[in-house]
Amino acid sequence: MKQQEYDQHPGMRPNRRTVLKGAAGAAALGSAGGLGAFSERALAQDNLRARILQMPGVGKGAPTDADWQKVGELCLGPTKAHVKEGEFKGAELSFMGLNNQNLHNLLFRGFLKPWEAYTGAKISWIDLAQADYNPRLQQAIATGTVDFDILEMGAPFEGDVCGKGLASEMPDWVKKQIDIDDYVDYLKPPVGTWNGKTYRVTIDGDCHNFNYRTDYFSDPNLAKAWNDAGNQGEWGVPKTWQQVQAVTKFLKGKKIKGQNAFGYLDAPKPWGGFGFYFLGSRATAYAKHPDDKAWLFDVDTMKPRINNPAWVRAIQDVIDALPSEPADQLNADPNTTGFQQFLAGIGSMIPWWGDIGQVAKASDTSVIGDVVGFDILPGSDDVYNSKTRSWEKLGSGPNHAPNCAYLGWGIYVMARVSGDERKHKAAWSAAAHIGGKDLSLWTVMYPSGFQVHRTSHSNIDEWVAAGYDKKYITSYLNSQFGSYNHPNRAVEPRIPGIFQYYSIAEDELTKIFAGQYDAQTGANNIAAAWEKLTDQIGREKQIALYKASLGV
C-alpha cells in the first residue's frame, strides 16, 4: 500500500475549534436553548489551552520549572471539581518514574506542586535512569516488593504488573476527568486494561518515526555527486531501508556546510532493553507481513522469529552501515544518537520517538530546527513471509510497517493503596492531573518525553498558534498519526517478561556488533535464549496472552 493511500491525517476532519465556532454562531442567533452556556464553557477551555501553550511559547527558549508549575496550576480545574481543598492533608505518596534527559519525573514535580499545595498531599520521588528502570521494576515484580504508590510505566509491562494484581483498577470518576475516549484508537482497550479492567492513565503515545535533514536531501553538491557516482534514482529522502543503506554508504567521506556528512545513525549500545526497539525499527518492514499480525514470535508456538531471514537482514544492515557512521558509533545508545548527535547537527537520518520533533523546535540544545523533516519509517522492496518462508514483492509497492514501540508511557496506581480510601483517591487524583486532557496538549508540544496520544492533539491550528511552522508540524503530525493508523503497523505484545526478552537480545547484539559472532549465529543465540525464557514463564500461558495481545 502506497503512503498516499493511507496517510489520512485525522486533523483533516472537522475539528473541535470549528465545531465550537459553529456552536457559538448558533447561540448568537438564539437557535438553541442553553447552547450559549455550553459555548462559554467550551471557549473558556480553548482560552486555557491557548494560554498554557504560550508558556513559554515555541521558539522562545526551553521551558523551565516555573513554566511547568504554572501549567500545572492552570490545569487544576478538573481536580478542584472532584477534590476539596486540603482533602488529602497528611497523605504521603511515593512516585516511581523515569529521569531521562532531565524530563519525565522532573516535569511531574512541577505539574504536581500546585496539586500538592491545593490537596495537602505530599509526594516523594524515586527517579530512575533509562538503563536502570527495567531492572528496578522487574525486581519489584519478581519479588512482589512494591515500594511505590504511583508508577510511570509502559503498556508492555501490563502483563507483569496488572496480570499479577499489583495495580489498582481505575475509578469511573477518573475516566470522566481525563476524557478517556479521546485516546487514539490503538491506545484504547485492550491497551491499558487487563481482564476487562482499566488500569492506565495514558500520558504518551509511542511510535518510531523517521527524522531526516532536509538540507542534506536538497543539497545540489550532494545531488551531483550522487548522480556522478552512478547511483540508482534521484537524490532525495530515502523511502526504503535499501535506499537508507545506499545513502549511508554514499555519504562516507562527503562534506556538507564544511562538516563531515553522515547518513543513518545506529544505536548499538545496550539501553536497558529499550535499545532493542531501534533494531526493531530496521526490521519491521522486512519482518511484518501485511497478512500476518505476528512479527516477533510464531503465534501458535511462541517460536522466536528473531533468527529468521528478515531479522538477520536487519542485523546485517547495522553491521554493514557502522563503518560509514561516525567514529565510535558502536558505543552510541539512543540518547547519544538523538540528543548528542542528530539534534546537535551530526548525521542525517534517525528513527526515534516523537521527542525529536518537539526538542528540535522547543529546546535550546537543538541546531536543526529549521532543517528537519519527518515521515513514517522507511519501507522495504520486499517482505519476508514467515508462513511460506520466502521473500515477497508486494504488488502495491514497498512494504511499510511502522514500529509502534512501547505503546506509550502511562500512570498506574498500585494496589497497595487500596486499603486506605483517602490515599487511594489521592493517588488517582495525582494520576488524573498529570494525564489531564489540557495538560497533555502542553506535554506533546514541548520537550517532555511524551508524544501525541489523543485525537484532540491533531488540531494543527493549536500547534501553529503555539509557534510551530504549519508545514513543519503537518509533516510531524502526519508521521505520528500515519504510524498509529497504518493498517500494517507493528504493535508489540503486552506479554509477561517482554523486557527480559529485549534485554537478552541487547546483550547478544552487543557481541554481534563487536564482531564476536556473525549475524545468523548471534540471532540463533538470541532465539535459543528466548525459547528458554518462554519455557520458564510457561509456554502455553505465553501463547494465549500473545494471541490476545494481537487480537488473534
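Since we're looking at a predicted model, the values are computed, not measured. (Residues numbered from 1 in each chain as written. Predicted model: local features only at pLDDT ≥ 70, side-chain atom pairs only at ≥ 80, totals over all residues. Heavy atoms only, no water.)

Check the secondary structure of the chain and you find 22 helices and 16 strands. Whereas a compact globule of 552 residues would reach a radius of gyration of roughly 24 Å, the chain reaches 24 Å, a difference of no more than 12%. Dimensions along the principal axes, computed over C-alpha positions, put the chain at roughly 70 × 55 × 40 Å. Here the chain holds 552 residues, and 59% of them are scored as buried. A separation threshold of at least 6 residues defines the contact pool for the chain, and within that pool the share at least 24 residues apart is 77%. Just so you have it, the chain exposes about 21200 Å², and 50% of that area is on carbon and sulfur atoms. Charged side chains of the chain number 57 positive and 61 negative; the gap between the two group centres comes to 3 Å. (Helix = DSSP H or I, 4+ residues; strand = E, 2+ residues; numbered from the N terminus. Rg over C-alpha atoms; globule rule 2.2 N^0.38 Å. Buried < 20%, exposed > 50% of the residue type's maximum accessible area, 1.4 Å probe, protein only. Contact = heavy atoms within 4.5 Å. Areas by Shrake-Rupley, 256 points an atom, 1.4 Å probe, with all protein chains shown as cover. Lys, Arg positive; Asp, Glu negative; His and termini not counted. Charge placed at Lys NZ, Arg CZ, Asp CG, Glu CD.)

Let us now look at the pattern of salt bridges. One pass over the full model with this rule turns up 27 salt bridges. A salt bridge links Glu 462 to Arg 49; the shortest N-O distance between them is 2.9 Å. With a gap of 413 residues between them, Glu 462 in helix H18 (residues 460–466) and Arg 49 in helix H3 (residues 35–52) connect regions that are remote in the sequence. Residue classification places Glu 462 among the buried residues on the basis of a relative accessible area of 5%. Arg 539 serves as the salt-bridge partner of Asp 535, at 3.0 Å between the closest nitrogen and oxygen. One connected set of salt bridges, linked through shared partners, spans Arg 49, Asp 438 and Glu 462. (Salt bridge = Lys/Arg side-chain N within 4 Å of Asp/Glu carboxyl O.)

This next bit is on the packing of aromatic side chains. Both the distance between ring centres and the angle between the ring planes are used here to describe each pair of aromatic rings. Summed over all chains, the structure comprises 50 aromatic pairs. Both rings, one in Trp 226 and one in Trp 235, keep their centres 5.3 Å apart while their planes meet at 50 degrees; by these two values the pair is tilted. Overall, the relative accessible area of 11% leaves Trp 235 in the buried class. In this structure, Lys 254 packs its charged tip against the face of Phe 250, placed 4.3 Å from the ring centre. Over the ring of Tyr 286 we find Arg 313; its NZ or CZ atom is 4.6 Å from the centre of that ring. (Phe/Tyr/Trp six-rings, centres within 6.5 Å; stacked < 30°, edge-to-face > 60°. Lys NZ or Arg CZ within 6 Å of the ring centre and 35° of its normal.)

By the criterion of burial, strand S15 (residues 409–413) is predominantly enclosed, with 5 of the 5 residues buried. Of the two faces of S15, the one lined by Trp 409, Ile 411 and Val 413 and the one lined by Gly 410 and Tyr 412 are each fully buried. Where strand S3 (residues 150–154) lies against S15, 5 bridges are found, and the strand directions are antiparallel. Bridging from a neighbouring strand, Gly 154 pairs with Trp 409 of S15. As paired strands, strand S6 (residues 201–202) and S15 are joined by 2 bridges and run antiparallel to one another. (Pairing = 2+ DSSP bridges.)

Before going further, it helps to spend a moment on unusual backbone geometry. With an omega dihedral of 5 degrees, the bond running from Met 55 to Pro 56 counts as a cis peptide bond. Of note, Pro 56 is situated in the loop between H3 and helix H4 (65–74). Residues Pro 189 and Pro 190 are joined by a peptide bond in cis, for which omega reads 15 degrees. With a phi close to 85 degrees, Tyr 406 is a non-glycine residue in the positive phi region. The exposure class assigned to Tyr 406 is buried, which follows from its relative accessible area of 1%.

Another point: the sheet that holds strand S1 (residues 92–98). Across the sheet, 5 strands lie side by side as S2-S1-S3-S15-S6; this open sheet has mixed pairing. At either end of the open sheet lies a strand with only one pairing partner, and these are strand S2 (122–128) and S6. In terms of strand pairing, S1 meets S2 through 7 bridges, oriented parallel. By the bridge assignment, Met 96 is partnered in S2 with Ile 126.

A separate point is helix H16 (residues 421–434). In this model H16 runs 20 Å from its N-terminal to its C-terminal C-alpha over 14 residues, within 8% of the 20 Å that 1.5 Å per residue would give. Burial of H16 is extensive: 10 of the 14 residues sit out of reach of the surface. His 424, Ala 426, Ala 427, Trp 428, Ser 429, Ala 430, Ala 431, Ala 432, His 433 and Ile 434 are the residues of H16 that are buried. (Expected span 1.5 Å × (residues − 1).)

Time to look at the confidence of the model for the chain. Across the chain, pLDDT averages 91, with 92% of residues at or above 70. The low-confidence segment residues 1–39, where pLDDT is below 50, has 50 contacts with residues more than four positions distant or belonging to other chains. (pLDDT = per-residue confidence, 0-100.)

As for its placement among the helices and strands, Thr 388 is situated in the loop between strand S12 (383–385) and strand S13 (390–392). Residue Thr 388 is classed as partly exposed on the basis of its relative accessible area of 46%. Separated by 181 residues in the primary sequence, Thr 388 and Cys 207 place their C-alpha atoms 29 Å from one another. In terms of polar contacts, Thr 388 uses its side chain to reach the side chain of Ser 390, at 2.8 Å. (Polar contact = N/O pair within 3.5 Å; in protein donor to acceptor, adjacent residues only side chain to side chain.)

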